Amino acid sequence: MPEAVPVIAVDGTAGSGKGTLARNLANELGWHYLDSGALYRAAGLAVLQADTDPDDGAACGGIAQAMQVEIETRPESIRILLDGTDVTTRVRAPEVGRVASRVSVHPEVRRALLDHQRAARRMPGLVADGRDMGTVVFPDACLKFHLIASLEVRARRRQHQLEEMGINARLNTLIDELNQRDLQDMRRGESPLVQAPDACLIDTSEQSIEEVHAKARACLPGILTPSDKGTHP
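In this text the structure is predicted, and so the values were computed from the model without any measurement. (Residues numbered from 1 in each chain as written. Predicted model: local features only at pLDDT ≥ 70, side-chain atom pairs only at ≥ 80, totals over all residues. Heavy atoms only, no water.)

## Here we look at the environment of Gly125
Item 1. Mapped onto the elements of the fold, Gly125 is located in the loop between α5 (107-118) and β6 (126-130).
Item 2. Separated by 117 residues in sequence, Gly125 and Ile8 have C-alpha atoms that sit 8.2 Å apart.
Item 3. For Gly125, the residues in contact, after removing those within four places along its chain, are Val5, Pro6, Trp31 and His32. (Helix = DSSP H or I, 4+ residues; strand = E, 2+ residues; numbered from the N terminus. Contact = heavy atoms within 4.5 Å.)

This is how it looks when you write it as structure tokens:
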């Protein structure tokens, strides 16, 4: 039964470091990793390619339902295939992110991607990152984290990521975009971004990746033992 497969849910705002923490935990435990944001970005790209209005929930939901997405995760990288085409770099483009943000508010899209996300729950376990992993997708997760960070810190992190991709972006613009994304995520009617009551809150603003991982790792002994570790294919 999929429900018997342990899940660690890592939710939080954009740029809070949830993806980095989730990947590190998955690598350490030898578990599978789900980047739910990649699914929504793939849906955003599919909507762009279909030249469909991102505000048309029914149309976007149909596209999300019909698209074929494969996400291959490795210790240090992720590869995304959309309808057989490698779109790993394309989905990280700012315009795709903006469309994905608009598309993600539609109940039709979120429902269409729910099965995709839950299908990632496989032995020996799953670490899932997103915005509703611990509240909607995997409410029975054995351990839940909710990450936050200040707007400026998150914007600087995003700016650094874009620079590595050869994309220049103004810090103030990124701050505005993240603020709008936060409000949109928290106010949407379907699966809003909220902290699960049983989630451990971690503010990553002034902490290094190592410090955040150590804080999260300290929560594992009560949930997992060394025998729970495994190696995913």
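## A word on the nonpolar core
Item 1. Core analysis: the largest hydrophobic core is formed by 35 residues, its most contacted members being Leu34, Met67, Leu113 and Phe138.
Item 2. Per-element accounting of this core gives the leading share, 8 residues, to helix α2 (residues 36-49).
Item 3. Discounting residues that sit within four places of it in the chain, Met67 has contacts with Leu39, Ala42, Ala43, Ala46, Leu82, Asp83, Leu113 and His116.
Item 4. Counting 17 residues, the second largest nonpolar core, distinct from the first, contains Trp31, Leu147, Ile202 and Ala216. (Core = buried A, V, L, I, M, F, W, Y, C linked by side-chain atoms within 4.5 Å. Buried < 20%, exposed > 50% of the residue type's maximum accessible area, 1.4 Å probe, protein only.)

## With respect to helix α7 (residues 151-164)
Item 1. With 14 residues, α7 should reach 20 Å at 1.5 Å per residue; the first-to-last C-alpha distance of 20 Å fits that figure.
Item 2. For α7, the full list of buried residues reads Val153, Arg154, Ala155, Arg158, Gln159 and Leu162.
Item 3. The first or second residue beyond α7 is Gly166, which carries a positive phi of 80°. (Expected span 1.5 Å × (residues − 1).)

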